[in-house]
Amino acid sequence: GQPPQQLALLLPLTGKLAQPAAAIRDGVLAAYYDTPEDTLRPAIKIYDTGGRADAVLETYQQAVNEGAQFVIGPLRKEAVQQLASQAMLAVPVLSLNTIDVGAVNNTMLFQFGLAPEDEAREVARRASQDGHRKAIALIPEGSWGERIYRAYLEEWQGLGGRVLEVGYYNAAETDHGAEISAALNLDSSKARHQQLVRLAGQTLEFEPRRRRDVDMIFILATPRQARLINPQLSFYRASRLPVYATSHVYTGRADSSLDADLEDVAFCDMPWILNSADEGDYLQTSIAEYWPASATRYGRFHALGIDAWRVIPYVDQLESSLMGAYQGATGNLTLDSNRQIHRSLNWAHFQQGLPVRLQSRAEVMDSPLAGIP
């Protein structure tokens, strides 16, 4: 339950990941200086891993040689893979990203990151708890979208759900009508109308109808794309279908004018982003004061750094099941048999362009009004 005497922080502080890496560093340091002075605090040494994933082993060994007893990092997925491929590691590592392979044999490597796959699984669980069983999905083309969709599909099917149709859209375009229309079977409705016109030999009044067997829509989209997709869903007669999304639809900063087109979209996000001022982590105020430029854009990475520091004393308890979960800034943290930390998240939906917290099923059942008609 005590931190090590010396800790190394391995981050790519130069290169294309320099800004999120700096936000993680600032989060770690904010949590470090928030630790009571009468508590054992390790010395922290920060190492720049740069842009080369293959240099991480050298940097890790340097940190160990200089006295590190625990390592936080690296951030790049390829660098985590480099450490995971080692037969042995001299000191424990809490990586800041996760890798896609199955079981990792190295018992000294714990994986922690903002894995979008966790969010996709969260969407599946929430939609299932809300009573939905038949979905369509709108996913961006490419390996990133496919990987996250697969995580959603596996969880959704395991809960008894079905995906009736998947529409893959081009994220570089603004009109996704063709993909939405096909997913909603409007194309089939139009084809039936054309066939009837040919058979009748005259013009017939016609209003295309979407499929009736779907009860929810899962979208994976950035804020820009989500603001395009949601109004198009309404245009294609799907306005009454509940829409679920990951945190990627939300910038992290409330803006009713920009997000007006996201009305009623439900999404999951970390407590750091969704908690109100009176229930939020007070470190948010300090970070916003000292690092205003990155507090919004890289706020989730600040939270990752804070949790990386705070969870270290508890990884053994999480692994041995002495602790069921750790309530963190990034979510409710649990550890699986592969020593990978997973996050359960909070929920909100957009109302008049602003995110409004949604109660969990447990919160609803605990309410004194539960069961009252």
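Shown above is the structure to which this text applies.
The rules we used
- Counting starts from 1 at the beginning of each chain's written sequence and moves along it residue by residue.
- Only residues with pLDDT of at least 70 get local features here, since the model is predicted, and only at 80 or more are side-chain atom pairs given and counted; chain-wide, interface and lining totals rely on the full set of residues.
- As a rule here, side-chain values cover all heavy atoms of the structure and leave hydrogens and water aside.
- Secondary structure counts use DSSP, requiring at least four H or I residues in a row for a helix and at least two E residues in a row for a strand, with both numbered from the N terminus.
- The span you would expect from a helix comes to 1.5 Å times its residue count less one.
- Each residue gets one of three labels from its accessible area relative to the maximum for its type: buried under 20%, exposed over 50%, partly exposed in between, using a 1.4 Å probe on protein chains only.
- Pairs of N or O atoms are called polar contacts if they sit within 3.5 Å, as long as, within protein, a hydrogen donor faces a hydrogen acceptor (for residues adjacent in sequence, only side-chain-to-side-chain pairs).
- Note on geometry: axes are lines fitted to C-alpha atoms, helical ones only across the stretch in contact, with angles between N-to-C directions running from 0 to 180 degrees.
- Put simply, angles under 35 degrees are roughly parallel, angles over 145 are roughly antiparallel, angles from 65 to 115 are roughly perpendicular, and the rest are oblique.
- Left-handed describes a crossing whose near helix is turned anticlockwise from the far helix by less than a right angle; the clockwise case is right-handed.
- Contact criterion: two residues are considered in contact whenever any of their non-hydrogen atoms come within 4.5 Å of each other.
- Three classes are used: nonpolar for Ala, Val, Leu, Ile, Met, Phe, Trp, Tyr, Cys and Pro, charged for Asp, Glu, Lys and Arg, and polar for all others, with Gly counted as polar.
- If DSSP finds at least two bridges between two strands, the strands pair.
- We define a nonpolar core as any set of buried Ala, Val, Leu, Ile, Met, Phe, Trp, Tyr and Cys residues linked to one another through side-chain atoms lying within 4.5 Å.
- Each aromatic pair joins two rings of Phe, Tyr and Trp (for Trp, the six-membered one) with centres within 6.5 Å, and gets the label stacked for planes under 30 degrees apart, edge-to-face for over 60, and tilted for any other angle.
- Geometrically, a lysine NZ or arginine CZ counts as sitting over a ring once it is within 6 Å of the ring centre and also within 35 degrees of the ring normal.

Visitor: Sorry, what's going on with helix α12 (residues 299-311) here?
Guide: Think of an α-helix as 3.6 residues a turn; residues three or four steps apart then line up on the same face. End to end, α12 covers 18 Å across 13 residues, agreeing with the expected 18 Å (1.5 Å per residue, within 8%). Within α12 the residues assigned to the buried category are G299, R300, H302, A303, L304, G305, I306, D307, A308, W309 and V311.

Visitor: I keep staring at the side chain of S294 and nothing clicks. Help me out?
Guide: Mapped onto the secondary structure, S294 falls in helix α11 (residues 292-295). Using a relative accessible area of 16% as the deciding quantity, one classes S294 as buried. At a separation of 3.5 Å, a polar atom in the side chain of S294 contacts the side chain of H302.

Visitor: What is the right way to look at the packing of helix α1 (residues 18-34) against α12 in this model?
Guide: Helix packing geometry: the angle between the two helix axes and the distance between the axes. Remark: α1 packs on α12, axes separated minimally by 7 Å, with the N-to-C direction vectors making an angle of 45 degrees. Compared by their axis directions, α1 and α12 come out oblique. Remark: the crossing between α1 and α12 carries right-handed chirality. Across the interface between the two elements, P20, A23, I24, D26, G27, V28, A31, Y32 and D34 from α1 touch F301, H302, L304, G305, I306, W309 and R310 from α12. Across the contact of α1 with α12, the residue classes break down as 10 nonpolar, three polar and three charged.

Visitor: Honestly, the side chain of S247 in this entry has me stumped. Any pointers?
Guide: Relative to the helices and strands, S247 is located in the loop between β9 (243-245) and β10 (266-269). For S247, the residues in contact, after removing those within four places along its chain, are E119, F267, C268, D269 and R300.

Visitor: Any chance you could explain the sheet that holds β10 here in plain terms?
Guide: Within a beta sheet, neighbouring strands are joined by backbone hydrogen bonds and run either parallel or antiparallel to one another. Across the sheet, which stays open at both edges, the seven strands sit in the order β7-β6-β8-β9-β10-β14-β15 with mixed pairing between neighbours. Every interior strand has two partners, whereas the edge strands, β7 (162-169) and β15 (354-358), have only one. Taken over all neighbouring pairs, the strand axes of this sheet differ in orientation by 30 degrees on average, direction set aside. Of the strand pairs in this sheet, strand β6 (residues 134-140) and strand β8 (residues 216-219) are connected by four bridges, and their pairing is parallel. Across the sheet, residue I136 finds its bridge partner in β8, namely I217. Packing against the sheet, helix α4 (residues 116-129) makes contact with β8, β9, β10, β14 (346-351) and β15, and its axis sits at approximately 150 degrees to β9. Of the strands in this sheet, β6, β7, β8 and β9 touch helix α8 (residues 223-235), which is tilted by about 160 degrees from β8.

Visitor: Where do I start with the nonpolar core in this structure?
Guide: The tendency in soluble globular proteins is for nonpolar side chains to be buried side by side. Counting residues in hydrophobic clusters, the biggest one holds 85 residues, and the most contacted among them are L94, Y152, I217, I219 and W272. Apart from the residues within four sequence positions on either side, L94 is in contact with F70, V71, I72, G73, F110, F112, A308, V311, I312 and I341. Judged by nonpolar contacts, the second largest core, of 20 residues, contains V80, L83, A84 and V104.

Visitor: Is there a simple way to explain the packing of aromatic side chains in this structure?
Guide: Here the distance between the centres and the angle between the planes together describe a pair of aromatic rings. What the rule picks out here adds up to 13 aromatic pairs. Aromatic side chains F235 and Y236 sit 5.0 Å apart centroid to centroid with 85 degrees between the ring planes, which places their arrangement in the edge-to-face category. Judged by its relative accessible area of 61%, F235 is exposed. Residue Y236 is classed as buried on the basis of its relative accessible area of 17%. Here the aromatic rings of Y314 and Y326 are separated by 5.4 Å at their centres, their planes lie at 25 degrees, and the arrangement is stacked. Of this pair, Y314 sits in the loop between α12 and α13 (315-319) while Y326 sits in strand β11 (residues 326-327); the two residues are 12 residues apart in sequence, bridging distant segments of the chain. Since its relative accessible area comes to 29%, Y314 is described here as partly exposed. Residue class for Y326 comes out buried when judged on its relative accessible area of 15%. Lying over the aromatic face of Y32, R41 brings its terminal NZ or CZ to 4.8 Å of the ring centre.

Visitor: How do you make sense of the sheet that holds strand β4 (residues 93-95) when you look at a structure like this?
Guide: Pairing in this open sheet of five strands is parallel, and the strands run β2-β1-β3-β4-β5 from one edge to the other. Of all the strands in the sheet, just β2 (43-48) and β5 (109-111) have a single pairing partner and so form its edges. Neighbour-to-neighbour, the strand axes of the sheet open up by a mean angle of 20 degrees, direction not taken into account. Sheet topology note: the strand β1 (residues 6-11)/strand β3 (residues 70-72) ladder contains three bridges and is parallel. Bridge pairing in β3 places A8 opposite V71. Packing against the sheet, α1 makes contact with β1 and β2, and its axis sits at approximately 160 degrees to β1.

Purely geometric stuff here, so don't read any function into it on its own.
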